[in-house]
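# Residue-level structural notes
Here's the letter readout for the chains.
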Amino acid sequence: GLDNCRGDLIAFLDADDYWEPQKLERQLQILEHWPEVGLVSSRFYEQEPGRPRTPVAGALPPVFDRVLSASGVEAFTAARYVALPSVLIRRDRLGAQRFDVGLKTAEDLDLWVRLVLAGPVYLSSEKLITAVLEPGSLSRSNAALDCRNLLTVVRRYGDLLGPAGLRYWEAHAYRQWAAGCLGQGEPRTAVRPAWNRWVRQPWSPEACWILCKSAALSFLSPQHSGGKCPIGPIGPIGPMGLSNELE
């Protein structure tokens, strides 16, 4: 699709999401005011099908509402807050950069990291899109696949993140993975990512709680035969937790 675009500006919109009426107007104002900015994005609402939409919760990091020229961990953090349906980008900033088709999810994060590193961006705190959370979407129905791809992107930028940043974002991915498995009623599947998260953040009460919860629910689940502890078959632990091939 990107190769067939002909305009100077490129926007994205998933089939199930929608823009606010003023979305493009607001973003064009930013691009006109700061010609050096090559990419703009915004915050958003979330909406379960058939239910009222709600603003995305959480405090905003200091990457919003300013012209941002980022490197290192800040560049990766900014890229994590770029929502694909909110993006408006100059064609000359995009250049030959494309999504990595080898990633079934997190391919947008990979592209945003590269584009944030390429030059100034602007992330607006104004909510200009609504993301509809379809239950059958790939990122919501397959936590393991989604988080494996996220880990691939995190490790791809390990040099950018440094040891502490890499550990933090790996833990973030494993937290998301374990939560997704528990939310789908699969506590045994949650044990491995919960363990990996705890190895990276052993001081975190939440990490300890999620690991204990996953293990306890695994023992209580009908699928558990009572023979072995669910943590047993996970595999060897290296300096940063489990070996990559066992994730």
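Residues numbered from 1 in each chain as written. Predicted model: local features only at pLDDT ≥ 70, side-chain atom pairs only at ≥ 80, totals over all residues. Heavy atoms only, no water.

The next thing to look at is the state of the cysteines. The term disulfide refers to a covalent linkage connecting the sulfur atoms of a pair of cysteines. Following the criterion strictly, the structure yields 0 disulfides and no others. Here Cys 212 stays free of any disulfide, with the sulfur of Cys 208 as its closest cysteine sulfur at 4.1 Å. Cys 212 gets classed as partly exposed once you look at its relative accessible area, which sits at 43%. (Disulfide = S-S within 2.5 Å. Buried < 20%, exposed > 50% of the residue type's maximum accessible area, 1.4 Å probe, protein only.)

Here helix H7 (residues 158-183) spans only 29 Å end to end across 26 residues, well under the 38 Å set by a 1.5 Å rise per residue. The principal kink in H7, of about 85°, is found at Ala 164. One or two steps after H7, the chain reaches Gly 185, where phi turns positive at roughly 70°. (Helix = DSSP H or I, 4+ residues; strand = E, 2+ residues; numbered from the N terminus. Expected span 1.5 Å × (residues − 1). Bend = angle between axes of the 7 residues up to and from the residue.)

Moving on to the confidence of the model for the protein. The pLDDT averaged across the protein works out to 87; a share of 87% of its residues lies at or above 70. In the model, residues 224-247 has pLDDT below 50 throughout and makes 46 contacts with residues more than four positions away in sequence or in other chains. (pLDDT = per-residue confidence, 0-100. Contact = heavy atoms within 4.5 Å.)

Moving on to the pattern of salt bridges. Taken as a whole and assessed by the stated rule, the structure comprises 10 salt bridges. The salt bridge involving Arg 200 is made with Glu 170; its shortest N-O contact spans 2.9 Å. Of the two residues, Arg 200 sits in helix H8 (residues 187-200) while Glu 170 sits in helix H7, which places them 30 residues apart along the sequence. Note that Glu 206 and Arg 175 form a salt bridge whose closest N and O atoms lie 2.8 Å from each other. With Glu 206 in helix H9 (residues 205-220) and Arg 175 in helix H7, this residue pair connects regions lying 31 residues apart in the sequence. (Salt bridge = Lys/Arg side-chain N within 4 Å of Asp/Glu carboxyl O.)

So, about the environment of Pro 193. Tracing the chain through its elements places Pro 193 in helix H8. For the pair Pro 193 and Gln 176, spaced 17 residues apart in sequence, the C-alpha separation works out to 8.6 Å. If we ignore the near neighbours within four places in the chain, the residues touching Pro 193 are Tyr 174, Trp 177 and Ala 178.

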